[in-house]
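# Architecture at a glance
Given next are the chains, with one letter for each unit.
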Amino acid sequence: MIGIGDQAPEFDLSDTDGEPQAFETPAVVIFTCNHCPYALAWHDRLMQVARDYKDVHFYAINPNDAARYPADSFEAMKERVRRDEGWPMPYMHDATQEVARAYGAKTTPDVFVLDSNEILRYRGAPDSDHRDPSQNAAWLREALDSMLAGEEIARPETDPVGCSVKWRH
Amino acid sequence: MTVELLWWDGCPSHPDALADLERILTEEGIEAHVQRIEIESDEQAREERFPGSPTIRIDGADILPPGDGEPYSLTCRVYRLRDGRISPTPDPEDVRDAVRRAA
């Protein structure tokens, strides 16, 4: 588990096309999934952030135990990306849950912002209200804007809100 | 009227669902105690026919019955608000309609 100011763990996962994804920074690492209503409610906002910040690498990681939650299987992830006609970030299955454990992911979604030195600069929710699309992932955008401008992030940590990560038993 | 809120603590939506439900019952002038039932295992979820958290039942019937084949398990339910947005809780107006039907 990492905290603000810590070195973030690198990871080696493949996207829904089976293509290995290089770990590059600055980056936003989003733990998310298919079945959680919170992840679904914030999904479009997070996709738009990825489209808007083209100099930042975005990674979506599904950490859930697919045996207990078939909606989060790799096949279901592939189908979702196909149905959406692609995502602006790779969607990767953390089948061993090692990445989620290394980051200390608690919920879906749970958002981590890493600077170009792989240091964790923001962690938490995309914004203050999953019900309000006009929030537009404001907390994440504020963190990115400050980080990219070389400024201190005013709100480096917020409570992640969503469904608990479904750990394997 | 028997009103039940079935919930699982892996999903943080039940306080919002309970608040909506109690507010609507008050607004509709219905004195009903909301029985809160915590679901703690997949086995219990199957026994209770629990499709996810939160689930609201009035007189034993789910106010928004899940589709056929929906598994019973410890999960968060996905609801659709009337404007089409996805939500962890039912649209309050759907709750109100269910309360009125049962009253």
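Shown above is the structure to which this text applies.
The following refers to the structure shown. Sequence order as written defines the numbering, with residues in each chain counted from 1. Here the convention is simple: chains get letters from A, ligands get numbers from 1, in the order in which they are written. The predicted origin of the model limits local features to residues at a pLDDT of at least 70 and limits the giving and counting of side-chain atom pairs to 80 or more, whereas totals for whole chains, interfaces and linings rest on all residues.

## So, the overall build of chain B
Note the threshold: Only runs of H or I of at least four residues qualify as helices and only runs of E of at least two qualify as strands under DSSP, and these elements are numbered from the N terminus. Two things to know: the radius of gyration comes from C-alpha atoms, and the globule rule equals 2.2 Å times the number of residues to the power 0.38.
Scanning chain B for helices and strands turns up 3 helices and 6 strands. In chain B, the order of α-helices and β-strands from amino to carboxyl end is β-α-β-α-β-β-β-β-α. For chain B, whose C-alpha radius of gyration is 13 Å, the value lies close to the compact-globule estimate of 13 Å for 103 residues. With respect to the principal axes defined by its C-alpha atoms, chain B has extents near 35 × 30 × 25 Å.

## Some thoughts on the sheet that holds strand β4 (residues 61-62) of chain B
All names here are of chain B. Heads up, the condition is: Paired strands, as defined in this entry, are two strands with at least two bridges between them according to DSSP.
On the basis of which strands lie adjacent, the open sheet formed by 4 strands has the order β2-β1-β3-β4 and mixed pairing. Of all the strands in the sheet, the pair left with one neighbour each is β2 (34-38) and β4. Judged from the 4 bridges that link them, strand β1 (residues 3-7) and strand β3 (residues 55-58) form a sheet pairing that is antiparallel. Note that in β3 the partner of L6 across the bridge is T55.

## Quick look at the packing of helix α1 (residues 14-27) of chain B against helix α3 (residues 92-102) of chain B
All names here are of chain B. To be explicit about the condition: Axes here refer to lines fitted to C-alpha atoms; in helices the fit is confined to the stretch in contact. Angles between the N-to-C directions go from 0 to 180 degrees. Angles below 35 degrees are treated as roughly parallel, those above 145 as roughly antiparallel, those between 65 and 115 as roughly perpendicular, and all remaining angles as oblique. Note on convention: the crossing is left-handed when the near helix lies turned anticlockwise from the far helix by less than a right angle, right-handed when the turn is clockwise. Residue pairs are scored as contacts if the distance between their C-beta atoms, which are placed from the backbone, is within 7 Å.
Put simply, α1 and α3 touch, their axes get as near as 10 Å, and they point 45 degrees apart. As summarised for this structure, α1 and α3 are arranged oblique, according to the angle between their axes. Judged by the sense of rotation from one axis to the other, the crossing of α1 with α3 is right-handed. Contacts between α1 and α3 pair D20, L21, I24 and L25 from the former with P92, V95, R96 and V99 from the latter.

## Details of the environment of P90 of chain A
All names here are of chain A. Inclusion rule: Partly exposed residues are those whose C-beta has more than 12 but fewer than 20 other C-beta atoms within 10 Å; 20 or more makes a residue buried and 12 or fewer makes it exposed, with C-beta atoms placed from the backbone.
Structurally, P90 is set in the loop between α2 (74-83) and β5 (91-93). Given 20 C-beta atoms within 10 Å, P90 falls into the buried group. Sequence separation of P90 and Q48 is 42 residues, and the distance between their C-alpha atoms is 14 Å. Apart from residues lying up to four places away in sequence, P90 is in contact with D15, Q21, Y59 and A60.

## Brief notes about helix α4 (residues 138-148) of chain A
Residue and element names in this part refer to chain A. Here is the rule: Within this analysis, the arc is defined by the directions that extend from the helix axis to the C-beta atoms.
If you check which residues of α4 are buried, you get W139, L140, A143, L144 and M147. Down the axis, α4 shows its buried residues gathered within 135 degrees of arc, on one side only. In this structure, the buried residues of α4 make contact with α1 (37-52), β7 (110-114) and β8 (120-124). Immediately downstream of α4, the backbone of G150 shows phi near 75 degrees, a positive value.

## Section: the environment of W87 of chain A
Here W87 of chain A lies in the loop between α2 and β5. Each residue touching W87 of chain A, except ones within four places of it in the same chain, is listed here: M47, A60 and V81 of chain A.

## Side note on the interface of chain B and chain A
The condition is simple: The residue classification treats Ala, Val, Leu, Ile, Met, Phe, Trp, Tyr, Cys and Pro as nonpolar and Asp, Glu, Lys and Arg as charged. All others, Gly included, are polar.
Listed per partner, the contact involves 12 residues of chain B and 11 residues of chain A. Broken down by class, the residue content of the side of chain B that touches chain A amounts to 7 nonpolar, 3 polar and 2 charged.

## Quick look at α3 of chain B
Side chains that are three or four residues apart share a direction in an α-helix, a result of its 3.6 residues per turn. Residues and elements named next belong to chain B. Residues V95, A98 and V99 constitute the buried set of α3. Projected down its long axis, α3 shows its buried positions confined to an angular sector of 100 degrees, all on one face. Across α3 from its buried face, at more than 90 degrees, point the exposed residues E93, R100 and R101. Close packing links the buried residues of α3 with α1 and β3.

## Describing unusual backbone geometry
Here T25 of chain A and P26 of chain A are connected by a cis peptide whose omega angle stands at 0 degrees. With respect to the element layout, P26 of chain A can be found in the loop between β2 (20-21) and β3 (27-31). Of note, the bond from T108 of chain A into P109 of chain A is cis; its omega dihedral lies within 30 degrees of zero at 0 degrees. Looking at the element boundaries, P109 of chain A is found in the loop between β6 (107-108) and β7. The phi dihedral of A137 of chain A falls on the positive side, at around 55 degrees, and the residue is not glycine. With respect to the element layout, A137 of chain A can be found in the loop between β8 and α4. Of note, the phi angle at D59 of chain B is positive, near 50 degrees, even though the residue is not glycine. By the element assignment, D59 of chain B lies in the loop between β3 and β4. A tally of 11 C-beta atoms within 10 Å means that D59 of chain B is categorised as exposed.

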